[in-house]
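# Coordinates in review
Each chain is listed here by its residues.
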Amino acid sequence: MTQLALVIDLNVCVGCHACVTSCKQWNTSGAAGPLFDDNPFTKDPTGTFFNRVQTYEIGNFPHTETLHFPKSCLHCEDSPCVPVCPTGASYKREQDGIVLVDYDKCIGCKYCSWACPYGAREFDEQDKVMRKCTLCVDRLYDETLPEAERKPACVLACPTNARLYGDVHDPESEVSIAIREEGGYQLMPEWGTKPANHYLPRRKTKVHIHEDELVRVDNPLKKEDIRHETSTEVTLDDWLM
Amino acid sequence: MHPAFSVIFLTTLIGTGQGLFLALFSGQTYSAVNLLPAQHSSFYITGSLLALILLIGGLMASFFHLGHPERAWRAASQWRTSWLSREVIALPIVMGLVFFYGVFHWINWEVDLFGNQLPGQVTLIIGAMASVAVFLLYLCTGMIYASIKFLQEWATSLTVINYLLFGGASGFTMATAIAAYNAPTLVGFYGSWAIILTLAGLVTRTVSLYRNANIKAVSTVQTAIGIRHTQVQQKAMGMMGGSYNTREYFHGKTAAFLKSIKYIFLVLVFPLPIMLIVAGMKADSSLLLMLAFVVQFVGLMFERWFFFAQANHPQNLYYQTI
């Protein structure tokens, strides 16, 4: 069974918010209608987004590290938001594991958003329905797009390639290899939601240089320096000269 | 969580309506076995009408919670998995049965089904069915909250028990006040049960308050972002103007405000109504009994506000600073 998901590499995310803006741009122009902004140009601007980049500081100053943390729907394999929906508007697709909301069935009771421990769902104040990341399902299978562009908008926008996209159930996919080899992990594993999206941790890249590698022990030039005591006796050379 | 007034009204109104119906039916069953004097059908008609008004009021309030109330009928479809859907089914069933309970008292249709000349057998059967539905509705209402496992303040059987006992207490208090007007012989029965249920509610709510005060959060900012370091501080939440995530999951009040609401409901729900019921029964004053109900009902709205506000959603870990 396919489970499409994102793998976000926190080691290379620079917190530029390109994924946020490209997500908003694509999804506000899609078939489901605009993602509304409320009071965008006045006091207390707010609006609906599927993706946010947050920033955390780890450690005590001056020994700190800045972590930029993109956060969107994790498309959980055991998604708690789906069974609580009273209308069946919230559902998980059999064919690719994407969790979606049928905006025509949603009654806007907000119960699914209570049942998501990650706060991945946002209620649209103007459409009065619950909205969430669709993993750009309207791009993934669109044959009018060039094949290279059949990916979520955020993945295409990321300038540092911090966002990988693929099937986490296929052990040979790019995302599965990244999870396996780079220590990919899930958020809040304690609730058993089994998020499909994974995060790759911060990794220190260090070059380890041993002293031996700087000073050659078997340096032939050094070998020539090993000079033996010269003989005071007459040698063949002396005799010939 | 952010307490929504629609849900506060929904849960308090239907809880009281259900409790009032249970009071009516227990009064009728007791009188059927001659433990209490039989009442004129007008008492049951008035009572079930009031219970129905409360249930309809709750239903109306719930519509204000919905973004698309015109699609509310769809909410009955997912009863296999969703407690909310089950409540959506149970509520109209309760309303229908309470309606027919009142109607059959009104038309006074006597059929000797048990063959023992017992009066009101049709209403006893409808009432028994309605009582089962009422208990199921309490279960659904409580489980809507208790089934969300990561809202640790709610994820306990105490949530269901509290909904049952609070609904029962306010319903019996209301029944006491109604009885004082047109069934004076039942005042003692309803009054004592109202006090017993209120005291039982005091015990279970105190236990749940104690439990919630000592909850250890399962999720931390470390598990939320997966960074194993003791010092993690959020510096930005990704937006400056706030969002649904900053509005829906936090009550937006100070800890002192929350605490004061707790003390207000602890006074309004428990000691004050009990004193008023005792005084009302002693002085034979229907006004004091009515006041007892009003005070307790207002107290329950404070209790419900506190119930919602106290629940700390783990998503708040992602929204700690602008």
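Residues numbered from 1 in each chain as written. Chains lettered and ligands numbered in written order. Predicted model: local features only at pLDDT ≥ 70, side-chain atom pairs only at ≥ 80, totals over all residues. Heavy atoms only, no water.

The next thing to look at is the confidence of the model for chain A. Counting all residues, the mean pLDDT for chain A is 91, and 94% of those residues have values of 70 or more. Confidence, expressed as mean pLDDT per element, reaches its minimum in chain A at helix α7 (residues 220-225) of chain A with 64 and its maximum at strand β11 (residues 198-200) of chain A with 97. (pLDDT = per-residue confidence, 0-100. Helix = DSSP H or I, 4+ residues; strand = E, 2+ residues; numbered from the N terminus.)

Moving on, we get to the interface of chain A and chain B. Many authors give the size of an interface as the accessible area that is lost as the parts come together. Taken residue by residue, the interface counts 53 residues in chain A and 59 residues in chain B. There are two salt bridges connecting chain A and chain B. Ionic pairing is found between Lys235 of chain B and Glu57 of chain A, a salt bridge with its closest N-O pair at 3.9 Å. In this structure, the connection of chain A to chain B is made through 39 residue pairs in polar contact (both at pLDDT 80 or more). Counting only elements with at least two residues in the side of chain A that touches chain B, the list comes to β3 (46-47), β4 (51-58), β5 (65-72), α2 (111-114), β8 (122-124) and β9 (129-131) of chain A. Along the lines of polarity and charge, the residues of the side of chain A that touches chain B split into 29 nonpolar, 12 polar and 12 charged. (Contact = heavy atoms within 4.5 Å. Salt bridge = Lys/Arg side-chain N within 4 Å of Asp/Glu carboxyl O. Polar contact = N/O pair within 3.5 Å; in protein donor to acceptor, adjacent residues only side chain to side chain. Nonpolar A, V, L, I, M, F, W, Y, C, P; charged D, E, K, R; others polar.)

With respect to the secondary-structure elements, Arg52 of chain A resides in strand β4. Judged by its relative accessible area of 4%, Arg52 of chain A falls in the buried class. At 3.1 Å, the side chain of Arg52 of chain A and the side chain of Glu122 of chain A are in polar contact. Beyond its immediate sequence surroundings of up to four residues, Arg52 of chain A is in contact with Val20, Gly47, Phe69, Pro70, Lys71 and Glu122 of chain A together with Met237, Gly238, Met239, Ser243 and Tyr319 of chain B. (Buried < 20%, exposed > 50% of the residue type's maximum accessible area, 1.4 Å probe, protein only.)

Below, the discussion takes up the packing of helix α6 (residues 187-213) of chain B against helix α10 (residues 271-283) of chain B. Residue and element names in this part refer to chain B. One way to put it is that α6 packs onto α10 with a least axis distance of 10 Å and a crossing angle of 165°. One element, α6, and the other, α10, form an angle in the roughly antiparallel class. The handedness of the crossing between α6 and α10 is left-handed. Contacts from Val187, Gly188, Gly191, Ser192, Ala194, Ile195, Thr198 and Leu199 in α6 reach Ile274, Ile277, Val278 and Met281 in α10. Split by residue class, the contact of α6 with α10 holds eight nonpolar, four polar and no charged. (Axes fitted to C-alpha atoms, helices over the stretch in contact; angles between N-to-C directions. Parallel < 35°, antiparallel > 145°, perpendicular 65-115°, else oblique. Left-handed = near helix turned anticlockwise from the far one by under 90°.)

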